[in-house]
Amino acid sequence: MHLVEKIIVEVMPKPEILDPQGRAIQGVFNRDGHGAITNVRQGKRFEITVTGPITDQLLDEVEELAATVLSNPVIESYAIYADEGEGE
Amino acid sequence: MTTRVGVVTFPGTLDDRDAATAVALGGAQAVPLWHKDTNLNDVDAVILPGGFSYGDYLRAGALASVSPIMKSVVEKANEGMPVLGICNGFQMLCETGLLPGALTRNRDLHFICRPELITITNTKTAWTNFFQPGAELLIPVKNGEGCYQLTPESLAEIEAKGLVVARYQNNPNGSVNDIAAIANEAGNVVGIMPHPEHAVDGLVGAGVDGLGFFWSIAGVTV
C-alpha cells in the first residue's frame, strides 16, 4: 500500500445548455415508472494521478488544464479537488 | 499565381481528400498538411476538414484544437489568413476560440446525413464572397454534434454584427437561430457544419452548390 495522489476534475454541462443525453436517460427512467426523477444531467469525471504531494502550484496547473482543455467554458463548468487516499 | 490552400489531416479526419478535390475543382492548389506539422508550408489559406479527429475523445474537436499545427493556424488566422472549418473543423475553430460558441450533441441525438437547404446570409467573408446575399444552396449535412449553441449575449452580438454566414431552412439539429455557419469579425475565418466539399460534382453528390466556397477562396488571395 502506498499513497496515491490524485486530482479529480468533474465537468458538467451548464444548466442553461440543453443536455439531450441526460434528457434521454431521464425519459427512460420515467418510462420505467421512476416518476420522482425530474431531471438527469450527464457529466464527466477525470482522475488525474500525479507524482509527489499535491501542492497549490500543481493544483493551479491542473486547474488551468481543466479550464482550457478538459472543459469548454462556453457549455461546461468544472470542479477540481485533491483526493489523497490510500490506493492499490 | 494560383492560390495555395492547405488541407489539414488529423488522425481520424475523413474528408481531407474530398476537400482537396474541391479546392482543385475551384481552381486553387491543395497542399496537404499534417497535424504534427508546425510549418504551414507558405499556404495562402487553410481548410480544417470534417471527420472524427482523435476519435472525438473528450469533446469533438477539443484535442485537435491543441495539436501542433493548430497553434500555427491560430497564429496565422489572427494575422488574417483565411481558414475554413467544415463540420469537425468548425468544432475545432470553436474550441480554439477563433469562433464563438460551441457545437453540441444534436437535439434528437441522431447522427444526421442528408442534403439540407441553407441560405447564405453573409457574402463578405473570404469563403462566401462568390455568392449573392440570400443564395439558396443544397449542401449535405453529416454530423452527430452539430447543434450550435452560445450564450444569449454572444448570440445577440454575432447577430448584431451580421456574423451569421448561413442558416438552415429546415433546422436539422437544434442549432440556435438555425445557424449553419458563422464567421469571425474580420471575415477570414468561417466555420460551417454542412459539407460544401461534398457538393462539387453532380455525379457523386447532391449537386454542385458547394463550389462557390472554393471559387471564393481561389479568387480572394493572391
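If you're wondering where the values come from, they're calculated on a predicted model, not measured in any experiment.

(A) Molecular detail of the overall build of chain B. Secondary structure summary: chain B contains 5 helices and 11 strands in total. Its C-alpha atoms give chain B a radius of gyration of 15 Å, near enough to 17 Å, the size a compact globule of 222 residues would have. Evaluated residue by residue, chain B yields a buried proportion of 58% over its 222 residues. A fraction of 75% describes how many contacts in chain B between residues 6 or more apart in sequence connect residues 24 or more apart.

(B) Main features of the overall build of chain A. Each helix and strand counted, chain A has 2 helices and 3 strands in total. Counting from the amino terminus, chain A carries its helices and strands in the arrangement β-α-β-α-β. For 88 residues, the compact-globule estimate of 2.2 N^0.38 gives 12 Å, and chain A exceeds it by more than 25% at 17 Å. Dimensions along the principal axes, computed over C-alpha positions, put chain A at roughly 50 × 35 × 15 Å. Within chain A, the fraction of its 88 residues that count as buried is 14%. A separation threshold of at least 6 residues defines the contact pool for chain A, and within that pool the share at least 24 residues apart is 67%.

(C) Quick look at the interface of chain A and chain B. Each side of the interface is counted separately: chain A has 9 residues, and chain B has 12 residues. The greatest single-element share of the side of chain A that touches chain B, amounting to 3 residues, is contributed by helix 1 (residues 20-31) of chain A. In the side of chain A that touches chain B, the residues fall into 7 nonpolar, 2 polar and no charged.

(D) Spatial organisation of the nonpolar core. Counting residues in each nonpolar core, the largest one holds 74 residues, and the members touching the most others are B:Val5, B:Val23 and B:Val46. Ignoring sequence-local partners within four residues, the contact set of B:Val23 consists of B:Val5, B:Val7, B:Ala28, B:Ala30, B:Ile47 and B:Phe214. Within the second largest apolar cluster, 7 residues are counted, among which are A:Ile7, A:Val9, A:Ala66 and A:Ile80.

(E) Spatial organisation of the environment of B:Thr3. All names here are of chain B. Turning to its location among the elements, Thr3 is positioned in the segment before strand 1 (4-9). Residue classification places Thr3 among the buried positions, given that 20 C-beta atoms sit within 10 Å. Separated by 26 residues in sequence, Thr3 and Gln29 have C-alpha atoms that sit 6.0 Å apart.

(F) Up close: the environment of B:Ile120. Residue and element names in this part refer to chain B. Considering the arrangement of structural elements, one finds Ile120 in strand 6 (residues 112-120). On the basis of neighbour count, Ile120 is assigned to the buried category, with 24 C-beta atoms found within 10 Å. Along the sequence, Ile120 and Ala180 sit 60 residues apart, while their C-alpha atoms lie 9.4 Å from each other. Apart from the residues within four sequence positions on either side, Ile120 is in contact with Thr128, Phe131, Pro133, Gly134, Ala135, Leu137, Val165 and Ala166.

(G) Region of interest: the environment of A:Asp83. All names here are of chain A. Structurally, Asp83 is set in strand 3 (residues 76-86). In sequence terms Asp83 and Ile8 are 75 residues apart; their C-alpha atoms lie 6.7 Å from each other. Among residues more than four places away in sequence, those in contact with Asp83 are Lys6 and Ile8.

(H) Representation of the confidence of the model for chain A. Looking at chain A as a whole, the pLDDT averages 90, with 91% of positions reaching at least 70. Within chain A, strand 3 of chain A has the poorest average pLDDT of any element, 86, and strand 2 (residues 44-49) of chain A the best, 96.

Conventions and cut-offs
Residues numbered from 1 in each chain as written. Chains lettered and ligands numbered in written order. Predicted model: local features only at pLDDT ≥ 70, side-chain atom pairs only at ≥ 80, totals over all residues. Helix = DSSP H or I, 4+ residues; strand = E, 2+ residues; numbered from the N terminus. Rg over C-alpha atoms; globule rule 2.2 N^0.38 Å. Buried ≥ 20, exposed ≤ 12 C-beta atoms within 10 Å, placed from the backbone. Contact = placed C-beta atoms within 7 Å. Nonpolar A, V, L, I, M, F, W, Y, C, P; charged D, E, K, R; others polar. Core = buried A, V, L, I, M, F, W, Y, C linked by C-beta atoms within 7 Å. pLDDT = per-residue confidence, 0-100.

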